[in-house]
Amino acid sequence: MTKKKAHKPGSATIAMNKRARHEYFIEEEIEAGLALQGWEVKSLRAGKANLSDSYVVFRDGEAFLFGATITPLNVASSHVVCEPMRTRKLLLNRKELSSLFGAVNRDGYTIVALSLYWKNAWTKVKIGVAKGKKEHDKREDTRTREWQVDKARIMKNANR
């Protein structure tokens, strides 16, 4: 009898959009399912995903992930046409869809993909309702981050 593999925390993440938190204020985060094809699942297991320029669009009352790249593997099936930049459907319930649609219609809000991860056997994407940052906000964040590093260095050397 074989043993189950121990689940390592943090190993379920496939891809993250680190630039999203730099470019936007994230006000709300929602977990959504993702409708995928077979070759895409194989590529995700190999870690071949990129969310850097992805965002959510609405068409016919449904939400779609636009701009996410899933690079096909070399050993993918030859009879399937692999399109890496395909628009993928997000699996959300009506209540979530209506709240997201209302958030997008407000002034200055958009919905960006934050991370792509495994939850049991399912692929999930974390999307965030975001408002764009101005240049001075980005400088302030950089200043704060640098101060945290300096403060940690000072505290480390203060104990000597």
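Located above this text is the structure these notes cover.
No experiment lies behind these values; they were computed from the predicted model shown.

Scoring rules and cut-offs
Residues numbered from 1 in each chain as written. Predicted model: local features only at pLDDT ≥ 70, side-chain atom pairs only at ≥ 80, totals over all residues. Heavy atoms only, no water. Helix = DSSP H or I, 4+ residues; strand = E, 2+ residues; numbered from the N terminus. Rg over C-alpha atoms; globule rule 2.2 N^0.38 Å. Buried < 20%, exposed > 50% of the residue type's maximum accessible area, 1.4 Å probe, protein only. Areas by Shrake-Rupley, 256 points an atom, 1.4 Å probe, with all protein chains shown as cover. Lys, Arg positive; Asp, Glu negative; His and termini not counted. Charge placed at Lys NZ, Arg CZ, Asp CG, Glu CD. Phe/Tyr/Trp six-rings, centres within 6.5 Å; stacked < 30°, edge-to-face > 60°. Lys NZ or Arg CZ within 6 Å of the ring centre and 35° of its normal. Contact = heavy atoms within 4.5 Å. Core = buried A, V, L, I, M, F, W, Y, C linked by side-chain atoms within 4.5 Å. Salt bridge = Lys/Arg side-chain N within 4 Å of Asp/Glu carboxyl O. Pairing = 2+ DSSP bridges.

> Looking at this structure, how should I read the overall build of the protein chain?
Along the backbone of the protein chain there are four helices and nine strands. In the protein chain, the succession of helices and strands from N to C terminus is β-α-β-α-β-β-β-β-β-α-β-β-α. A compact globule built from 160 residues would reach a C-alpha radius of gyration of about 15 Å, whereas the protein chain, at 19 Å, exceeds it by more than 25%. Considering the protein chain as a whole, with its 160 residues, one finds that 30% of them fall into the buried category. With an accessible surface of roughly 11,200 Å², the protein chain has 53% of that area assigned to carbon and sulfur atoms. Of note, the protein chain has its 31 positive side-chain charges centred 9 Å away from the centre of its 18 negative side-chain charges.

> Please clarify how the packing of aromatic side chains should be interpreted in this entry.
Any two aromatic rings considered together are summarised by their centre-to-centre distance and by the angle between their planes. Following the criterion strictly, the structure yields two aromatic pairs and no others. Relative to F101, the ring of F58 lies with its centre 5.4 Å away and its plane at 85 degrees, an arrangement referred to as edge-to-face. A residue pair is termed long-range when its members are at least 10 positions apart, and F58 in strand β4 (residues 55–59) and F101 in helix α3 (residues 94–105) qualify at 43 residues. When its relative accessible area of 23% is taken as the criterion, F58 is described as partly exposed. Residue class for F101 comes out partly exposed when judged on its relative accessible area of 42%. Above the plane of the ring of W118 lies R45, whose end atom (NZ or CZ) is 4.2 Å from the centre. Note that R59 overlies the ring of F64, its terminal NZ or CZ placed 4.8 Å from the centroid.

> Even after reading the chapter, I still don't get the environment of K138, so can you show me in this structure?
Of note, K138 is situated in helix α4 (residues 135–158). Note: C-alpha distance between K138 and Y117 (21 residues apart in sequence) is 27 Å. Non-local contacts of K138, meaning those with residues more than four positions away in its chain, are made with H22, E23 and K133.

> How should I be thinking about the nonpolar core in this particular structure?
In summary, soluble globular proteins display a tendency toward joint burial of nonpolar side chains. L65, L90, L92, L116, V125 and I127 are the most contacted members of the largest nonpolar core, which totals 28 residues. At the level of secondary structure, the elements contributing two or more residues to this core comprise β1 (13–16), β2 (24–34), α2 (38–45), β5 (62–66), α3, β8 (109–119) and β9 (122–132). With five residues, the single largest contributor to this core is β8. With residues up to four places along the chain from it excluded, the contact list for I127 reads E28, E29, I30, V56, L90, L92, L100, I111, V112, A113 and L114.

> Just checking my understanding: could you explain the side chain of S115 for this structure?
Positionally, S115 belongs in strand β8. In this structure, S115 is in contact with A15, M16, L51, K124, V125 and K126, ignoring residues within four places of it in sequence.

> Would you mind showing me how to read the pattern of salt bridges here?
Opposite charge on two side chains lets them pair, provided their charged atoms get close. A complete count under the given rule lists eight salt bridges for this structure. R88 is the partner of E40 in a salt bridge, and the nearest nitrogen-oxygen pair spans 2.8 Å. In this pair, E40 sits in helix α2 while R88 sits in strand β7 (residues 88–91), placing the two residues 48 residues apart along the sequence. In terms of burial, E40 and R88 fall into one category: buried. Counted as one network, the salt bridges with shared partners bring together R21, E29 and K126.

> Hey, could you run me through the pairing of β4 in this one?
On any regular strand, side chains alternate: one points to one face of the sheet, the next to the other face. With five bridges connecting them, β4 and β5 associate as antiparallel partners. Its bridge partner being in β5, R59 is matched across the sheet by E62. Hairpin connection from β4 to β5: two residues lie between these consecutive antiparallel strands, with D60 at a positive phi of about 55 degrees.

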